[in-house]
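Secondary and tertiary structure notes
Take a look at the letters that make up each chain.
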Amino acid sequence: MERRQFLAASSGYALAALGLPDLDSITRRTRLQSGGAVRVGRGEVAAIRQMTRALGDAAAELGGGHARHLVVHYLNADVDRWLNGTWTEAVGRELYAATSQLVHLAGWMAQDEGNQGLAQQYYAHSYGLAAEARDAELSATALRGLAVQAIDLGHRAAAVRLSEACVDEAKHLNDPKAMAYYQVTLSDAAAQDGDRRTATYYLAASQTNIERSTPEPGESWASHFSIGRWAHHSGMILAQLGDYEAAQDHFHHALDIHGLDRRRSRAIVLADLGTVRLRQDDVDGALAAWHEFLDCSDGIRSVKVEDAVHDMRARLARLHGAAGVAELDDRASAR
């Protein structure tokens, strides 16, 4: 998969991922085992999960531009061989589910380094693997990846459709944290599309669920959606809806009360906080947040961080002559 490069991510391709995968493939393959293939058990599944955690932790701290080649190499050198090995149906479903998470990580990392087309292909492949494993949470999470990408790229109608499919996929889950994760994405897509009623409804629903959730993260991608991360997402939605006071309050919760500790996440919240303060005519507050953003983002390789730097400098240009602006711009230009 990595050998193919895709120059652009299209809303049409993302929506095509909603097509029904081959849900009987795992059962069928257990009947076609080859005696020469490698035998796969739960040890290999555990190895994939451990690698996903380790590489995901590094990416969350330093950005998706770090170490994606390690994910790709592991997929090609080891995981592909196991997928083509022999296993029982139960192990096969766990294997597909674990691989779905690893492929999703590869998609997130590709997206975070700016390779949108390749990221879209990974997300779609992650969805297919999760659906074949009959894992609703992983399926919904892969759809969320496509939805967030559509939001970022401005494919508003596709973002709403994918977010709706994501929430629908998860409707039978008994996990409030996962539900909050998907609902706040639909709220974001609706806000970007100008649908205030839907955005407000799903923002409130996500708040109800995140407040019911337990703080301990589990194994899945969605289980790491903390109340701090929810506060950041909600703040951005509120800013999109024009409620800057509430947005700033949510950023305060994300940074100070719930203490987002991943440097990449913290940097992005600080950049957003600076923008919201500027919209409230708090120039000094904006500059202070942006100085913290530059401190926090040093060494991070993420297109979202780079975009935040460019966005900040464009806004600073409009403040030419204000105290402290030139110093901050000089810092940003030296990155």
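Residues numbered from 1 in each chain as written. Predicted model: local features only at pLDDT ≥ 70, side-chain atom pairs only at ≥ 80, totals over all residues. Heavy atoms only, no water.

1. Considerations on the environment of S126
- Positionally, S126 belongs in helix α6 (residues 116-132).
- In sequence terms S126 and S100 are 26 residues apart; their C-alpha atoms lie 4.5 Å from each other.
- Residues contacting S126, with those up to four places away along its chain left out, are S100, V103, H104 and A142. (Helix = DSSP H or I, 4+ residues; strand = E, 2+ residues; numbered from the N terminus. Contact = heavy atoms within 4.5 Å.)

2. A closer look at helix α4 (residues 68-83)
- Helix geometry: α4 is bent most strongly at L75, by close to 40°.
- Every buried residue of α4 is listed here: R68, V71, V72, Y74, L75, V79, W82 and L83. (Bend = angle between axes of the 7 residues up to and from the residue. Buried < 20%, exposed > 50% of the residue type's maximum accessible area, 1.4 Å probe, protein only.)

3. Quick word on the packing of helix α7 (residues 136-153) against helix α8 (residues 156-169)
- The geometry of α7 relative to α8 is characterised by a closest axis approach of 8 Å and an angle of 165° between their N-to-C directions. Classified by the angle between their axes, α7 and α8 sit roughly antiparallel to one another. Both α7 and α8 take part in a crossing whose hand is left-handed. Of the residues in α8, those touching α7 at A136, S139, A140, L143, R144, L146, A147, A150 and I151 are A158, A159, L162, S163, A165, C166 and E169.
- Residues of the contact of α7 with α8, tallied by class, amount to 12 nonpolar, 2 polar and 2 charged. (Axes fitted to C-alpha atoms, helices over the stretch in contact; angles between N-to-C directions. Parallel < 35°, antiparallel > 145°, perpendicular 65-115°, else oblique. Left-handed = near helix turned anticlockwise from the far one by under 90°. Nonpolar A, V, L, I, M, F, W, Y, C, P; charged D, E, K, R; others polar.)

4. Brief notes about the nonpolar core
- Of all hydrophobic cores here, the largest spans 100 residues; its most connected members are Y182 and F293.
- Of all the elements, helix α5 (residues 89-112) adds the most residues to this core, at 12 residues.
- In this structure, Y182 is in contact with E137, A140, T141, R144, C166, V167, A170, L173 and A222, ignoring residues within four places of it in sequence. (Core = buried A, V, L, I, M, F, W, Y, C linked by side-chain atoms within 4.5 Å.)

5. Details of the side chain of S139
- In this fold, S139 is placed in helix α7.
- When sequence neighbours within four positions are dropped, the list of residues in contact with S139 reads Y127, A130, A131 and E169.

6. Looking at the side chain of S206
- Here S206 lies in helix α10 (residues 196-212).
- A relative accessible area of 0% places S206 in the buried class.
- Among the polar contacts listed, one links the side chain of S206 to the backbone oxygen of L203, at a separation of 2.7 Å.
- Setting aside chain neighbours within four positions, we find S206 in contact with A180, Q183, V184 and W230. (Polar contact = N/O pair within 3.5 Å; in protein donor to acceptor, adjacent residues only side chain to side chain.)

7. Details of the confidence of the model for the protein chain
- Here the protein chain shows a mean pLDDT of 89. Residues at 70 or above account for 90%.
- Predicted confidence is poor over residues 1-7, with pLDDT under 50, and the contacts of this stretch with residues over four places away or in other chains come to 14 contacts. (pLDDT = per-residue confidence, 0-100.)

8. Points about the packing of aromatic side chains
- In this structure the tally under the stated criterion is 5 aromatic pairs.
- Aromatic side chains Y181 and F225 sit 4.9 Å apart centroid to centroid with 45° between the ring planes, which places their arrangement in the tilted category. Remark: F225 occurs in the loop between α10 and α11 (227-240) and Y181 occurs in helix α9 (residues 176-192); sequence separation between them is 44 residues. F225 matches Y181 in its accessibility class, with the two residues each being buried.
- Between Y201 and Y202 the ring centres are 4.9 Å apart and the planes differ by 85°, which places this aromatic pair in the edge-to-face class.
- The class for Y201 is exposed, based on a relative accessible area of 55%.
- Chaining the aromatic ring pairs together yields one cluster made of Y181, Y182 and F225. (Phe/Tyr/Trp six-rings, centres within 6.5 Å; stacked < 30°, edge-to-face > 60°.)

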